Amino acid sequence: MKLIIVALWLACFYNLVLPFEQGLEHVLHWVLIVLPIAHLIECFLFKKRVEEAEGDNMKHYLQILIFGGVHLLHLKKPNKKA
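The rules we used
- Residues numbered from 1 in each chain as written.
- Predicted model: local features only at pLDDT ≥ 70, side-chain atom pairs only at ≥ 80, totals over all residues.
- Heavy atoms only, no water.
- Axes fitted to C-alpha atoms, helices over the stretch in contact; angles between N-to-C directions.
- Helix = DSSP H or I, 4+ residues; strand = E, 2+ residues; numbered from the N terminus.
- Parallel < 35°, antiparallel > 145°, perpendicular 65-115°, else oblique.
- Contact = heavy atoms within 4.5 Å.
- Nonpolar A, V, L, I, M, F, W, Y, C, P; charged D, E, K, R; others polar.
- Buried < 20%, exposed > 50% of the residue type's maximum accessible area, 1.4 Å probe, protein only.
- Arc of directions from axis to C-beta.
- Expected span 1.5 Å × (residues − 1).
- Salt bridge = Lys/Arg side-chain N within 4 Å of Asp/Glu carboxyl O.

- Named according to an unreviewed UniProt entry, the protein is DUF1145 domain-containing protein originating from Thalassotalea nanhaiensis.

So, the packing of helix H1 (residues 2–17) against helix H4 (residues 57–67)
In step 1: One way to put it is that H1 packs onto H4 with a least axis distance of 10 Å and a crossing angle of 70°. Put simply, H1 runs roughly perpendicular to H4. In contact with Lys2, Ile5, Val6 and Trp9 of H1, H4 contributes Gln63, Leu65, Ile66 and Phe67.
In step 2: Each residue belonging to the contact of H1 with H4 can be placed in one class, and the counts come to six nonpolar, one polar and one charged.

Some thoughts on H4
In step 1: Listing the buried residues of H4 in full gives His60, Tyr61, Gln63, Ile64 and Phe67. Projection of H4 onto a plane perpendicular to its axis shows the buried side chains occupying an angular sector of 165°, all on one side. Turned more than 90 degrees from where H4 packs its buried face, Met58, Lys59 and Leu62 sit exposed.
In step 2: Buried residues along H4 sit in contact with H1, helix H2 (22–45), helix H3 (47–52) and helix H5 (69–73).
In step 3: Of the residues trailing H4, glycine 68 is marked for its positive phi of about 70°.

Details of H2
In step 1: The end-to-end C-alpha distance of H2, which contains 24 residues, comes to 35 Å, matching closely the 34 Å that a straight helix rising 1.5 Å per residue would cover.
In step 2: Taken together, the buried positions of H2 are occupied by Glu25, Leu28, Leu32, His39, Glu42 and Cys43.
In step 3: On the buried face of H2, the contacting elements are H1, H3, H4 and H5.

Comments concerning the pattern of salt bridges
Opposite charge on two side chains lets them pair, provided their charged atoms get close.
In step 1: Considering all chains together, one arrives at one salt bridge under this definition.
In step 2: One salt bridge connects glutamate 51 with lysine 47, and the closest N-O pair in it is separated by 4.0 Å. Of the two residues, glutamate 51 and lysine 47 both sit in helix H3, four residues apart, roughly one turn of that helix.
In step 3: On the basis of relative accessible area, lysine 47 is assigned to the partly exposed category, the value being 43%.

So this is what it looks like as structure tokens:
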């Protein structure tokens, strides 16, 4: 799934340099505008979940900015010792 998302990002950036056909060009421009905004909102909404997860928080935030909810599905909670 992450490979598909990377391909979408690459297509959006490629479209900035060499635009695709008329219809697809506009769609990819809107995706390039909306996707980062949506992923920033996810960072704020799931801040607590990211902070509770194992590993480096900055790495998690970067992955959320790129992959969004797909990365959130893979976050592991820390092991709580009783």
